[in-house]
Amino acid sequence: MAAPLRLKATSASPGVATGPAYIAEPLAAAASPPSNLSGHAELGNAIKTAIRELQNLAAGPDLEGMDIIEFQIEVLQDPTLTEMAGARIDTGENVAFAWAGTLDSYIRELECSEEERLRARAVDILDIKNRVLSVLTGTSLDDFPAGSIYVGRDMEPSRFLAHDWSAGGGIALYAGSAVGHVALLARSRSVPMVVGVGQFTTEGRQHIEVDGDSGVVVLQTARENATPAQFGHPATSTAPIADNGSLHTADGEQVLLSINVNAPGEVDSIPAATTAGIGLMRSEFAVTSLSDAANEEKQFAIYRRLLDWADGRTVTVRMLDIGGDKPLAGLTGASSLRGVRLLLARPEIARVQARALLRAGIFSNLRVLLPMVTFPSEIDDLRQIYREEASELTRRGVPHGIPPIGMMVEVPAAALMLDRFESADFFSFGTNDLTQYLFASAREDAGFAPHQGRTVPAVLRLLSQAVKLAGSKPVSICGDMASDPSRTADLLAAGIRHFSVAAARLPAIRSAIVGLNADGTKAAGE
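Residues numbered from 1 in each chain as written. Predicted model: local features only at pLDDT ≥ 70, side-chain atom pairs only at ≥ 80, totals over all residues. Heavy atoms only, no water.

## As for the side chain of E389
Next up, step 1: Along the chain, E389 falls in helix 13 (residues 376-396).
Next up, step 2: With a relative accessible area of 8%, E389 lands in the buried category.
Next up, step 3: A polar contact of 2.8 Å, which involves the side chain of E389, links it to the side chain of R351.
Next up, step 4: At a separation of 3.1 Å, a polar atom in the side chain of E389 contacts the side chain of R355.
Next up, step 5: Ignoring sequence-local partners within four residues, the contact set of E389 consists of R351, R355 and L358. (Helix = DSSP H or I, 4+ residues; strand = E, 2+ residues; numbered from the N terminus. Buried < 20%, exposed > 50% of the residue type's maximum accessible area, 1.4 Å probe, protein only. Polar contact = N/O pair within 3.5 Å; in protein donor to acceptor, adjacent residues only side chain to side chain. Contact = heavy atoms within 4.5 Å.)

## What about the confidence of the model for the protein chain?
Next up, step 1: On average, residues of the protein chain score 85 in pLDDT, and 86% of them reach the 70 mark or higher.
Next up, step 2: Contacts from residues 27-37, a stretch scored under 50 in pLDDT, to residues over four places away or in other chains number 26 contacts.
Next up, step 3: Low pLDDT, under 50, characterises residues 221-238; the predicted model gives this stretch 42 contacts beyond four residues in sequence or across chains. (pLDDT = per-residue confidence, 0-100.)

## Digging into the environment of S336
Next up, step 1: Residue position: S336 is located in the loop between strand 12 (314-318) and helix 11 (340-345).
Next up, step 2: Owing to a relative accessible area of 70%, S336 belongs among the exposed residues under this scheme.
Next up, step 3: Considering only alpha carbons, one finds S336 and G323, 13 residues apart in sequence, at a separation of 7.0 Å.

## Considering the packing of helix 1 (residues 40-58) against helix 6 (residues 122-137)
Next up, step 1: Put simply, helix 1 and helix 6 touch, their axes get as near as 9 Å, and they point 120 degrees apart. Classified by the angle their axes make, helix 1 and helix 6 are oblique. Judged by the sense of rotation from one axis to the other, the crossing of helix 1 with helix 6 is right-handed. In this structure, helix 1 uses E42, L43, A46, I47, T49, A50, E53, L54 and L57 to contact helix 6, whose residues at the interface are R131, V132, V135 and L136.
Next up, step 2: Of the residues contributing to the contact of helix 1 with helix 6, the split by class is nine nonpolar, one polar and three charged. (Axes fitted to C-alpha atoms, helices over the stretch in contact; angles between N-to-C directions. Parallel < 35°, antiparallel > 145°, perpendicular 65-115°, else oblique. Left-handed = near helix turned anticlockwise from the far one by under 90°. Nonpolar A, V, L, I, M, F, W, Y, C, P; charged D, E, K, R; others polar.)

## Concerning the sheet that holds strand 4 (residues 149-152)
Next up, step 1: Strand order in the open sheet formed by eight strands is 1-8-7-3-4-5-6-2, with mixed pairing between adjacent strands. For this open sheet the edge positions go to strand 1 (5-8) and strand 2 (10-13), each flanked by a neighbour on one side alone. Mean inter-strand twist for the sheet, computed between neighbouring axes without regard to direction, equals 30 degrees.
Next up, step 2: Judged from the four bridges that link them, strand 7 (residues 207-211) and strand 8 (residues 216-219) form a sheet pairing that is antiparallel. By the bridge assignment, D211 is partnered in strand 8 with V216.
Next up, step 3: Of the strands in this sheet, strand 2, strand 5 (170-173) and strand 6 (193-195) touch helix 8 (residues 181-189), which is tilted by about 60 degrees from strand 2. (Pairing = 2+ DSSP bridges.)

This is the structure we're talking about:
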C-alpha cells in the first residue's frame, strides 16, 4: 500500500489532530438575497442583530476571542460603512448587494496590503460581511461536526468561536495566516492548525492528519489508517491518569504537572486527580470589565470555585494582567502601563482583587502570582497592599489568610537578576512574553512567527540561568513552550520540574516526561 501523501504547510498552532475532513464552502460564497429586501431600515436591523450575535459569542471565557469580537463590533458600528452602503441603496441597489459590495471593497484593500498582519484582517471583515448577509437573507451560518479537520481557504473567527473544540479536531487552510486572529485563537485553545497548504483534493469525511508541530498535512490513503480525532500525541491509555500530577522521569526524578485555566467553567470536565492543581489561572479572562474588577464578591466566588475543584491541590491565581495590548473594558488613561505597574498605578483595582484573594485564602492551597514584574520593589509594594487589606479585614472580623506571593518571570531584565527578588515566594516562567521581548517584536507582528523558533536557544539559555538564580525557591513554567512536547527535553535539561500546561496537552506532556531522563536525554529503549 502506498504511503500517505504528506503536504508541507506552515505551522500556526502546535499539536497533532486526526479526524474526518470537513470541506468548507468558499468564504466568499453567499446565498442569493430575496428580491423583496430593500431600504436602510433592513440593513440597520440586520447590523443590530449581527452585533447581538457577536456579543453572545464574546460572552465566552477567551480574552482573545472577546478582543476580536469587540473589533468586529466596532467595525459594524462604524457609520462610514452604513453611509457607503446607504448611498448604493439610494441608487436602487438591493440592500444585500449594497452591503456586500461595500465590504468587498474594504476586503480587497486589506488583501492587497504589503503587511501580512493587515492581509490577515481581511477574513475578519469577510466574517462581518457574511454575518450581516446571513441575517438579510435568512440563512444560517453552519457549524461543522465536532472532531473534524476543517479544510478551507480561510476560516472566520466567529466560526472558530462558535464551534465546540472539546472533542478535538484541527484546521488545515489552503491560504490563511499564522498571525491572523484564528491562529491566535487556535493557540489559546490548543487546536492544531496549519496554513499555506495550497489547494489540495480530499473527500469529505476522509480521515486526514494535521501536524501543527511539523507543519504538515497527511492525507490518509485508506480508511484503516484512520484514528480517532485527538489533540496532541496520544497517551498510552485513553483513560485519564489519576496520579495527582506527580510523575517521574525515567531515572526517577519527580516532576509536577498542573494546568492553565482561563475561566472557572473550564475545570468542570477535568478530573482534579489528573493534575497537581492549577499552575496558572489568568484572572483577566474571567474579570473582563471595570465593573467586574470592582466586584469583590464575583471575584471571590470565582476563586472559591476553583479551590473547591482542586480539593487541596495548589491553585495559583495571577492577578489581573491588563494594560498595553490587553485592555480592561471601561478602563481608560493607562494604555502605556501593563501588569503589576498598572495595578500599582490603579491601586483601587488591586485592592479589590487582593481582598477577594485574601478571603479565598482560608479555604485551600492558594497562591498569588504577580504579572509582568521587573523590579523587586514592585513585589514589596503589592505586599504592602495585601498587608493593609488584611488588617482591614481583621478589623471587620472577616476570615482571611495571606497566601504565598510569587512573580511571573517574563521580562528579561527580571530573569537576569532573579536572585535579587528575595521577597518573591516562588517563580513562574511565562515564555510567551519572554520570547517576544527577547526577539524585540510583538507576537502579532508578521515577522514574529517565521523566526520564533530561532529565538528558542536564547530563551532556553536564559531559563537555565534563571533557574540557577532562583536558588531553592519553587520554579514552574506556564507559557506555550511548556505545552509543546518537542521542548520538554530542553526544559528538563534547563532544570524545570513543574510544568503548567493547557489541559488538552496533559497526555502529550505526561508521555514526553516519562520517556526522558531528568537531564532531558531519552531513556534507554525509547
